[in-house]
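Each chain is listed here by its residues.
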Amino acid sequence: MPKKNKILLTNDDGIDAPGLYALYLALKDFGEVTVVAPSTEQSAVGHAITLSDPLRVDSHKKDGSFFGYAVNGTPADCVKIACGAILPSTPDMVISGINLGPNTGINTIYSGTVSAATEGSILGIPSFAISLGTFQDPDFRYAAKFGKNLAVKMAGKTLPKGVSLNVNVPACQENEIQGIQITRMSLALYEENFDKRLDPRGRIYYWLTGQRNNFETDLSVDVAALSANRISITPIHYDLTRYDFLKTLDQWHLKQ
Ligand code: MN
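Sequence order as written defines residue numbering, which begins from 1 separately in each chain. Local features are withheld for residues below a pLDDT of 70 in this predicted model, meaning they are given only at 70 or higher, and side-chain atom pairs are given and counted only at 80 or more; totals for whole chains, interfaces and linings count all residues. Think of the side-chain values as coming from all heavy atoms in the structure, minus any hydrogens and water.

A. Highlighting the environment of Asn 229. Numbering of helices and strands runs from the N terminus, with a helix taken as a DSSP run of H or I at least four residues long and a strand as a DSSP run of E at least two residues long. Examined against the element boundaries, Asn 229 turns out to sit in the loop between helix 6 (222-227) and strand 11 (231-237). Overall, Asn 229 belongs to the partly exposed group, its relative accessible area being 26%. Contacts are assigned to residue pairs with any non-hydrogen atoms lying within 4.5 Å of each other. Excluding anything up to four places from it in sequence, Asn 229 contacts Pro 170, Cys 172, Glu 176, Ile 177, Gln 178 and Gly 179. Residue burial is assigned from relative accessible area. The probe radius is 1.4 Å, only protein chains are included, and a residue is buried under 20% of its type maximum, exposed over 50%, and partly exposed in between.

Have a look at this one:
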C-alpha cells in the first residue's frame, strides 16, 4: 500500500469549528490527518505567536473519541508546535481552514487562517489556506471536496521556496461555480469606521466596521474572481523585501 500523506490540519476559527471538521472528513481518506488547532477562535490574529505565556496542548475529543490537539495559542503557534513538539515527523503538507468568511485582498494580511499556511511555508512544507466566501449559513461541503482535490494535486507538486496558496471558494451551489481563477491579491482599501457606542455602565467603547470602497472588476484579482463565483487561488509569499526599491533606497546615501 502506498504511504499515506501526512497532513497537518489547522485553522483560526478554533478546533470545534464546522469548517475544520468538514475539511477533516474530506481529507481523512486521502491522508493521515493530524488536527492541531487553536482552542478558541483566533480570527484576524495575523501571524502572531505566543512568547510570554505558556502554550498548553490538550487532547480534544469529538463525539467521545480523540479528534486532535487543542492549543491555547494562535494558528502560527499551532503549526510551530505541531512540527516542533507534537508530530513524530514533519508533515507532508499543512492545510488551514476551512475559514468562515473570505480571506481576500488586504484581509489576507490580517488572516490567522492564511498565517498558518504561511508558517508551513516558512518551515518548508507545501501549504495552503482555504476559506469560504460567506459568514452566513455556511455550507462547507463543496469547499471541503475542493480542498481535498487540491491536496491530492499538491501531493505530487513542489511549491517555490516560501510560497503557499491562498484559496477562496465561493459560497454558491456547486453547479453555479464558474471555474477556477489563478489570481493576485487585491490592494483595494477598506472604508473603515469605528462605531462609537455606550456600554450598560455608560462607558464608551468602539467597534471596527468596514467595507471595500472600490470594486475590482478585473477577474485576475482575488476579490473580483470570488464575486464572480470563481474559486480564487493566489500564490503568496512571505518575503517582504521590495527588490526593485533596494537600489533607490541605497541612493538616499543615509549618514550613520
Ligand atoms: Mn476565521
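B. Quick peek at the nonpolar core. In terms of nonpolar packing, the biggest core is built from 36 residues, with Leu 9, Val 35, Ile 95, Phe 128, Phe 146, Val 167 and Val 169 touching the most fellow members. In terms of residues, this core owes the most to one element, helix 5 (residues 141-154), which gives 7 residues. Only buried residues count toward a nonpolar core. Its members are Ala, Val, Leu, Ile, Met, Phe, Trp, Tyr and Cys residues joined through side-chain atoms within 4.5 Å.

C. Region of the structure containing the side chain of Ser 115. As for its placement among the helices and strands, Ser 115 is situated in helix 4 (residues 112-122). According to the relative accessible area criterion, Ser 115 is buried, its value standing at 5%. Here a polar contact is taken to be a pair of N or O atoms separated by no more than 3.5 Å, where protein atoms must pair a possible hydrogen donor with a possible acceptor and residues adjacent in sequence count only if both atoms sit in side chains. Within the structure, Ser 115 has its side chain in polar contact with the backbone oxygen of Ser 111 (distance 2.9 Å).

D. Fine view of the coordination of the manganese ion. Sites may look incomplete, because water is not among the atoms used; the donor set itself consists of N, O and S atoms within 2.8 Å of the metal (3.2 Å for Na, K and Ca). Listed as protein donors to the manganese ion are Asp 12 (OD), Asp 13 (OD), Ser 43 (OG) and Asn 99 (OD1); their distances from the metal cover 2.1 to 2.3 Å. Here the donor residues of the manganese ion share one chain and are spaced in sequence as D-D-x29-S-x55-N. With Asp 12 in the loop between strand 1 (5-10) and helix 1 (18-27) and Ser 43 in the loop between strand 2 (31-38) and strand 3 (57-62), the pair connects residues that are 31 residues apart, well separated along the chain. Asp 12 gets classed as buried once you look at its relative accessible area, which sits at 2%. When its relative accessible area of 30% is taken as the criterion, Ser 43 is described as partly exposed.

E. Fine view of the pattern of salt bridges. For this analysis, a salt bridge means a side-chain nitrogen from Lys or Arg found within 4 Å of a carboxyl oxygen belonging to Asp or Glu. For the structure shown, the criterion picks out 7 salt bridges. For the salt bridge of Lys 145 with Glu 174, the shortest nitrogen-to-oxygen distance reads 3.0 Å. Taken as a pair, Lys 145 in helix 5 and Glu 174 in the loop between strand 7 (163-169) and strand 8 (180-182) lie far apart in primary sequence, 29 residues in all. Take Lys 145: its relative accessible area is 38%, and that puts it in the partly exposed class. Exposure remark for Glu 174: the relative accessible area of 43% places this residue in the partly exposed category.

F. Summary view of the packing of helix 1 against helix 5. Throughout, an axis means a line fitted to C-alpha atoms (over the contacting stretch in the case of helices), and angles, computed between N-to-C directions, take values from 0 to 180 degrees. For the pair helix 1 and helix 5, interaxial distance at closest approach is 8 Å and the crossing angle is 50°. In terms of orientation, helix 1 and helix 5 fall into the oblique class. Handedness of the crossing formed by helix 1 with helix 5: right-handed. On helix 5, the residues that touch Ala 22, Leu 23, Ala 26 and Leu 27 of helix 1 are Ala 144, Lys 145, Gly 147, Lys 148 and Ala 151. Oblique is the label for every angle not falling under 35 degrees (roughly parallel), over 145 degrees (roughly antiparallel), or within 65 to 115 degrees (roughly perpendicular). Take the far helix as the reference: if the near one is turned anticlockwise from it by less than a right angle, the crossing is left-handed, and if turned clockwise, right-handed.

G. Geometry of helix 5. Every helix has an expected span of 1.5 Å times one less than the residues it contains. Under the 1.5 Å per step criterion, the end-to-end length of helix 5 is 20 Å for 14 residues, consistent within 8% with the ideal 20 Å. Looking at helix 5, one finds that the buried residues are Tyr 142, Ala 143, Ala 144, Phe 146, Gly 147, Leu 150, Ala 151 and Met 154. Tucked inside the fold, the buried residues of helix 5 contact helix 1, strand 5 (93-100), strand 6 (127-132), strand 7, strand 8 and strand 11.

H. Structural view of unusual backbone geometry. At the junction of Gly 97 and Ile 98, the peptide bond is cis and its omega measures out at 0° in the coordinates. Relative to the helices and strands, Ile 98 resides in strand 5. A positive phi angle, close to 65°, is found at Ala 44, a residue other than glycine. Here Ala 44 is to be found in the loop between strand 2 and strand 3. Of the residues examined, Ala 44 reaches a relative accessible area of 58% and is grouped as exposed. A positive phi angle is found at Asp 137, which is not glycine, with a value near 45°. If you trace the backbone, Asp 137 turns up in the loop between strand 6 and helix 5. For Asp 137, a relative accessible area of 73% translates into the label exposed.

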